[in-house]
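Spelled out, the chains give:
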Amino acid sequence: MSDKKILGKKIVYTNHNYLRRYYITRNRLYTIKKYFFIDINFTISKLNALLIDWIKIILFENDKKLKSKMIILGIYHFIIG
């Protein structure tokens, strides 16, 4: 884990490798689908976490393009099953 201070606020990010990003994304979407009708607040929080993680990758992490590509691939593979 790493962090940066921006305007006095500490931003923490993980800097996982690209392959781990793929599995995190795909599995997070599977979990969202599984619990969608059971707990909508949980679902919203997981979707929010996915978006925030992606923004942190774009702003702070190394290998932004490759990690973003793998996130998109994880989304795609989730959709096609």
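Everything numeric in this text was worked out from a predicted model, so none of it was measured.

Engineer: How do you make sense of the pairing of strand 1 (residues 2–6) when you look at a structure like this?
Structural biologist: The side chains of a regular strand alternate between both faces of the sheet. Note: strand 1 against strand 2 (residues 9–13), five bridges, orientation antiparallel. Following the sheet pairing, Lys 5 is matched in strand 2 by Lys 10. Between strand 1 and strand 2, which follow one another and run antiparallel, lie two residues, and Leu 7 among them has a positive phi close to 50 degrees.

Engineer: Even after reading the chapter, I still don't get the pattern of salt bridges, so can you show me in this structure?
Structural biologist: Oppositely charged side chains may form a pair once their charged atoms are brought near each other. Following the criterion strictly, the structure yields three salt bridges and no others. Note that Glu 61 and Lys 67 form a salt bridge whose closest N and O atoms lie 2.8 Å from each other. The same class applies to Glu 61 and to Lys 67, which are both buried. Residues joined by salt bridges that share partners form a network here, namely Arg 21, Arg 28 and Asp 53.

Engineer: Teacher, can you tell me more about the packing of helix 1 (residues 18–35) against helix 3 (residues 64–80) here?
Structural biologist: When two helices pack together, their arrangement is given by the angle between the helix axes and the distance between those axes. Interhelical geometry of helix 1 versus helix 3 gives an angle of 35 degrees and a closest axis separation of 8 Å. The crossing of helix 1 and helix 3 is right-handed. Contacts from Tyr 18, Leu 19, Arg 21, Tyr 22, Thr 25, Arg 26, Leu 29, Tyr 30 and Lys 33 of helix 1 reach helix 3 at Leu 66, Lys 67, Met 70, Ile 71, Leu 73, Gly 74, Ile 75, His 77 and Phe 78.

The rules behind the values
Residues numbered from 1 in each chain as written. Predicted model: local features only at pLDDT ≥ 70, side-chain atom pairs only at ≥ 80, totals over all residues. Heavy atoms only, no water. Pairing = 2+ DSSP bridges. Helix = DSSP H or I, 4+ residues; strand = E, 2+ residues; numbered from the N terminus. Salt bridge = Lys/Arg side-chain N within 4 Å of Asp/Glu carboxyl O. Buried < 20%, exposed > 50% of the residue type's maximum accessible area, 1.4 Å probe, protein only. Axes fitted to C-alpha atoms, helices over the stretch in contact; angles between N-to-C directions. Left-handed = near helix turned anticlockwise from the far one by under 90°. Contact = heavy atoms within 4.5 Å.

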